[in-house]
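The residues making up each chain are set out below.
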Amino acid sequence: MKHPSLALGGAVLLAGGALLAGQLGLRLHSVWLPVAPPGAAAHAAYFTLENPTDAEWRVVGVEVEGFARAELHETRLDGDRARMRPVPVLVLAPGARLVAEPGGLHAMLFGAARAPAPGMRPRLTLVFASGERLSAPAEVRSARDGDDDHTHHH
Amino acid sequence: MPTPRSLLFLAIATGALAAGIGVALLGREAPAPETWAASTVLDRPRALPEFQLATASGPLTAADLRGRWTLVFFGFAACPDICPTTLALLAQVDRSLADLPAAARPQVLFVSVDPERDTPQAASEYAAFFAAGFRGATGTLAELDRLASALGAPFLKVPLGPEGYTVDHSGAVFVLDPEVRFAAVMTPPLVALHMADDLRRLVTR
């Protein structure tokens, strides 16, 4: 998948939208949402985006199925103070790997049709400055149990 | 040319000097400063001002926390990233201290610094989602401010998007001793394993 040959690329294109990742040459994976705590008015989605291409890609928007609106945000620590601010454009340099994970970059989700619950598989779509789009299904994970897993990433 | 005798003398003198410096250093460093994996432990626990917060089951004051160690985290329910992440981490810490006697096991208090949107009921329910026994509270801005300031955890409402605002707040976990004094602080990046190790030492020393 990382360096599809021209023939394979063509096959992928013919196969349809689900394999758009192959066409753009980018890889979007490890997409997940934590199970919503009760009363949470805002939610988050996390993902990994890899750019094995020679081109620079700019992410200018994000959409998540089942939410009225999503924005790319970043939690930044200023000393001990956590600040959350929108990230209007994400620049992905050639060869770069971008990890949106708890405590940092995330898609902030507003207006949930339904609070994220285990078993749901909403699609997350990244919108690029070129107008192209890239989607992958998300997994909804328990914030309580899933975190044992989370610490290993650090 | 130094004689063997003068060399021996030099060696003895150097050795004595080194030993002397060693003794002096040891003397100066006693008691050795304790190193903690995840915490800054205050030399002397600091008393907190009186405060009154509100929970789903009524008011909460220092008296309600007395007798147990308490881990305080400030946040708000509309905080999508750092708040659920930290509370999930605290649940993990809590689980890894499950073998401690109930009285020694730290309790967790989530304090919402967004009383406009989080009712006491909502703050309590939000906290309890992460682990049974986690307490959640909020309060008037004045009360929240008094507690947050005493812990060095100022918060600030910041306009954000059409939804209104976000609240900048501390990402640290504050440790209160059984006398409800500020005893230690754990600053991000937080690692559950290190926090649990430190807490085990703190509550048993």
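What counts and how
Residues numbered from 1 in each chain as written. Chains lettered and ligands numbered in written order. Predicted model: local features only at pLDDT ≥ 70, side-chain atom pairs only at ≥ 80, totals over all residues. Heavy atoms only, no water. Helix = DSSP H or I, 4+ residues; strand = E, 2+ residues; numbered from the N terminus. Buried < 20%, exposed > 50% of the residue type's maximum accessible area, 1.4 Å probe, protein only. Lys, Arg positive; Asp, Glu negative; His and termini not counted. Salt bridge = Lys/Arg side-chain N within 4 Å of Asp/Glu carboxyl O. Polar contact = N/O pair within 3.5 Å; in protein donor to acceptor, adjacent residues only side chain to side chain. Contact = heavy atoms within 4.5 Å. Phe/Tyr/Trp six-rings, centres within 6.5 Å; stacked < 30°, edge-to-face > 60°. Lys NZ or Arg CZ within 6 Å of the ring centre and 35° of its normal. Core = buried A, V, L, I, M, F, W, Y, C linked by side-chain atoms within 4.5 Å.

I'm lost on the side chain of D198 of chain B in this one. Help?
Residue and element names in this part refer to chain B. By the element assignment, D198 lies in helix 6 (residues 192-204). One buried charged side chain, D198, makes no salt bridge at all; its nearest oppositely charged neighbour is R201, positioned 4.9 Å away. A distance of 3.1 Å separates the side chain of D198 from the backbone nitrogen of A37, its partner in a polar contact. Leaving out residues up to four positions away in the same chain, D198 has contacts with W36, A37, A38, S39 and M186.

Where do I start with the pattern of salt bridges in this structure?
Note that side chains of opposite charge can pair when their charged atoms are close. With the rule as written, the count across this model stands at 16 salt bridges over all chains. R83 of chain A is the salt-bridge partner of D78 of chain A, the closest N and O atoms lying 3.1 Å from each other. The partner of E143 of chain B in a salt bridge is R146 of chain B, and the shortest N-O contact between them spans 3.4 Å. Here the residue E143 of chain B and the residue R146 of chain B both occupy positions in helix 5 (residues 141-150), the gap between them amounting to three residues, near one helical turn. Look at E143 of chain B and you get buried, because its relative accessible area is 18%. In this structure, a network of salt bridges that share partners links the residues D78, R83 and R85 of chain A together with D168 of chain B.

Please explain the environment of L89 of chain B as it appears in this structure.
Residue and element names in this part refer to chain B. Considering the arrangement of structural elements, one finds L89 in helix 3 (residues 82-96). With relative accessibility at 5%, the residue L89 sits in the buried group. Along the sequence, L89 and F174 sit 85 residues apart, while their C-alpha atoms lie 14 Å from each other.

I'm lost on the packing of aromatic side chains in this one. Help?
The geometry of an aromatic ring pair comes down to the distance between the two centres and the angle between the two planes. Residue and element names in this part refer to chain B. On inspection of all chains with the given rule, the structure shows seven aromatic pairs over all chains. Ring centres of F110 and Y126 lie 5.2 Å apart, and the angle between their planes is 35°; this geometry places the pair in the tilted category. Within this pair, whereas F110 is found in strand 5 (residues 107-112), its partner Y126 is found in helix 4 (residues 120-130), the two being separated by 16 residues in sequence. As far as the burial class goes, F110 and Y126 line up, both buried. Ring centres of Y126 and F130 lie 5.5 Å apart, and the angle between their planes is 65°; this geometry places the pair in the edge-to-face category. Highlighted residues: Y126 and F130, both in helix 4, separated by four residues, approximately one helical turn. In this pair, the class of Y126 matches that of F130, namely buried. Following the ring pairs from residue to residue traces out a cluster consisting of F110, Y126, F129 and F130. Geometry around Y165 places R117 over its ring, the cationic atom sitting 3.7 Å from the centre.

Sorry, what's going on with the nonpolar core here?
For soluble globular proteins, the rule of thumb is that nonpolar side chains tend to be buried together. Of all hydrophobic cores here, the largest spans 100 residues; its most connected members are F47 and L49 of chain A together with F74 of chain B. If one sorts the elements of this core by residue count, helix 3 of chain B sits on top with eight residues. Contacts of F74 of chain B, omitting those with residues within four sequence positions, involve V111, V113, L147, A148, L151, A153, H169, S170 and F174 of chain B. With five residues, the next largest nonpolar core counts A42, M84, M108 and F110 of chain A among its residues.

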